Amino acid sequence: MTIHFYNTLKRTKETFKPIDATRVRMYVCGPTVYDYAHIGNARPVVVFDVLYRLLRETYGEDHVVYVRNITDVDDKIINRAAESGETIGAITQRTEQAFLADMGALGAMPPDHQPRATEHIPGMITMIGKLIAAGHAYEAEGHVLFNVASYRAYGELSGRNRDEMIAGARVEVAPYKNDPADFVLWKPSTPDQPGWESPWGRGRPGWHIECSVMSEKHLGPTFDIHGGGQDLIFPHHENEIAQSTCAHGGAKFVNYWLHNGYLMAEGEKMSKSLGNFYTVHDLLKEFPGEAIRLALLKTHYRQPLDFRKVGIADAKKELDEFYLALRNAGDVKADVPDHPPVAVIAALSDDLNTPKAIAHLFELKTRLNVARDAGEKALLKGELLLAGDVLGLLGQSPDVWLRGAGHVGGLSDADIDALVGQRIQARAAKDFATSDRIRDELAAQGIILEDGAGTTAWRRQ
RNA sequence: GGCGCGGUGGCGGAGUGGCUACGCAGCGGCCUGCAAAGCCGUGUACACCGGUUCAAAUCCGGUCCGCGCCUCCA
């Protein structure tokens, strides 16, 4: 199946041609670990997780390399440590672990490599040295700055030219810059700030250089796909291109740039003062991670997404339907085909059209519910499971999902089973008053009963 | 000011010159002891104003509204 992506670099949809189909390489900008990930941080993680799954399906599981960095040196982290008194190491370790746990709860596979910035300082110093030697960077007052004028194609990704950028600049230009457009590769640290010895004195890296160095280490000077949020197009990705291209003697850095759209919450930009700042950590206390994942994937990745709690509730209800269909087909063993249904792969291959892929999942679900023939049911069940898998959905046991694993308080499973047993006896005796009373009691506690042929299934709402 | 993105039925959300998207909710029916689940049916939507066209939500021009970025801070 031919894959097409909207390439930010070309501002158009293009056919995807990997450099090496036996080693397709993708890099996605990861978190700065100073606080819990919010839902806006989760969108690229989930979206590019689907991309990773699609590429693994298309090119083979062992033929895709996915790198996502961990930024563990940054002024936001330094500031957070100064405010809270917690050490930088404690903050970054704790936050990184929370990030991995939260993203795991959203069904995101771990990337093949998750390099940390602080473990690549020597590589950054080497690359900065190369840039200076080649005339693409210069030292000034303990800083090393990238010489933007030395890279003709600067602005190619974001579609700006230098004059516009300078004219529109809102920020005062630092005095040590030769040119207002220049950006920092290395900056000096005070004794109380984290720093590393370098040819330019004790200091720390600028924001952009880490991605250039870590992508080079794991993926080489030129690779296939670089992803991230649209907010990173400028300056971060523009600067990565400039650094990497110039450090590699002009070799192309990345062939396909993919950017996910902005995210709002409850109709407004997320902010702590508005009370709509949703961390994944908090949302997971209220909703299953899979429902959050589906809520994110119901919108195409390049569209703006207004994330709402009612949207997660909708997604949860939809997942209930899928798991009900799977549970109701529990009498047959899934006949899992070698590949997901063509319609699903076709949708995802068209610039990751997850909403369209999900529509096909609904179609499979209906066909499964309608099917009577055991062989057909088994095949449809297998197709639905595999189609869900490429989206990172429907991987749980239906009973675990429907009975609400991890629920707290209320009736235990055994309590419910006992009441359901009593009700079955009452129904057998045509004692519908008792039968209905038990059902009402359970319903009051959020337990829904479904009478089937000779059995009664239950689920938590 | 510059660059860019978006406005689709009650809600979410694809699509894109003519053919049902899909889902949730609602309504009607089938099934059921009654429900639940499921199935079937049901909605003449594409911000506004012009233009092009046999035909536009889809192309062109303009207007309004919302959002983002514009360099050491995402």
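Residues numbered from 1 in each chain as written. Chains lettered and ligands numbered in written order. Predicted model: local features only at pLDDT ≥ 70, side-chain atom pairs only at ≥ 80, totals over all residues. Heavy atoms only, no water.

Caption draft 1: Summary view of unusual backbone geometry. With an omega of 0°, the peptide bond between Phe-234 and Pro-235 qualifies as cis. Residue position: Pro-235 is located in helix α7 (residues 233-247). Phi is positive for Asp-351, close to 55°, though the residue is something other than glycine. Among the structural elements, Asp-351 can be located in the loop between α11 (342-349) and α12 (354-370). A positive phi angle is found at Leu-394, which is not glycine, with a value near 65°. (Helix = DSSP H or I, 4+ residues; strand = E, 2+ residues; numbered from the N terminus.)

Caption draft 2: Representation of the sheet that holds strand β3 (residues 24-28) in the model. As summarised here, the arrangement of the 4 strands in space is β4-β3-β9-β10, forming an open sheet in which the pairing is parallel. Of all the strands in the sheet, just β4 (64-68) and β10 (254-260) have a single pairing partner and so form its edges. This sheet shows a mean twist of 20° between the axes of neighbouring strands, independent of strand direction. With 3 bridges connecting them, β3 and strand β9 (residues 223-229) associate as parallel partners. (Pairing = 2+ DSSP bridges. Axes fitted to C-alpha atoms, helices over the stretch in contact; angles between N-to-C directions.)

Caption draft 3: Here's a closer look at the pairing of strand β7 (residues 183-188). Where strand β6 (residues 143-146) and β7 come together, 3 bridges link them in antiparallel fashion. Following the sheet pairing, Leu-145 is matched in β7 by Val-184. Taken together, the 3 bridges between β7 and strand β8 (residues 203-205) define a ladder with antiparallel strand orientation. By the bridge assignment for β8, Lys-187 is matched with Arg-204.

Caption draft 4: Focus on α12. When the terminal C-alpha atoms of α12 are compared, their 25 Å separation across 17 residues agrees well with the 24 Å that a helix rising 1.5 Å per residue should span. Here α12 has its buried residues at Thr-354, Ala-357, Ile-358, Leu-361, Leu-364, Lys-365 and Leu-368. Relative to the axis of α12, the buried residues are bounded by an arc of 105° and lie together on one face. Residues of α12 that are buried sit in contact with α1 (39-59), α9 (289-297), α10 (309-328), α11 and α13 (374-390). (Expected span 1.5 Å × (residues − 1). Buried < 20%, exposed > 50% of the residue type's maximum accessible area, 1.4 Å probe, protein only. Arc of directions from axis to C-beta. Contact = heavy atoms within 4.5 Å.)

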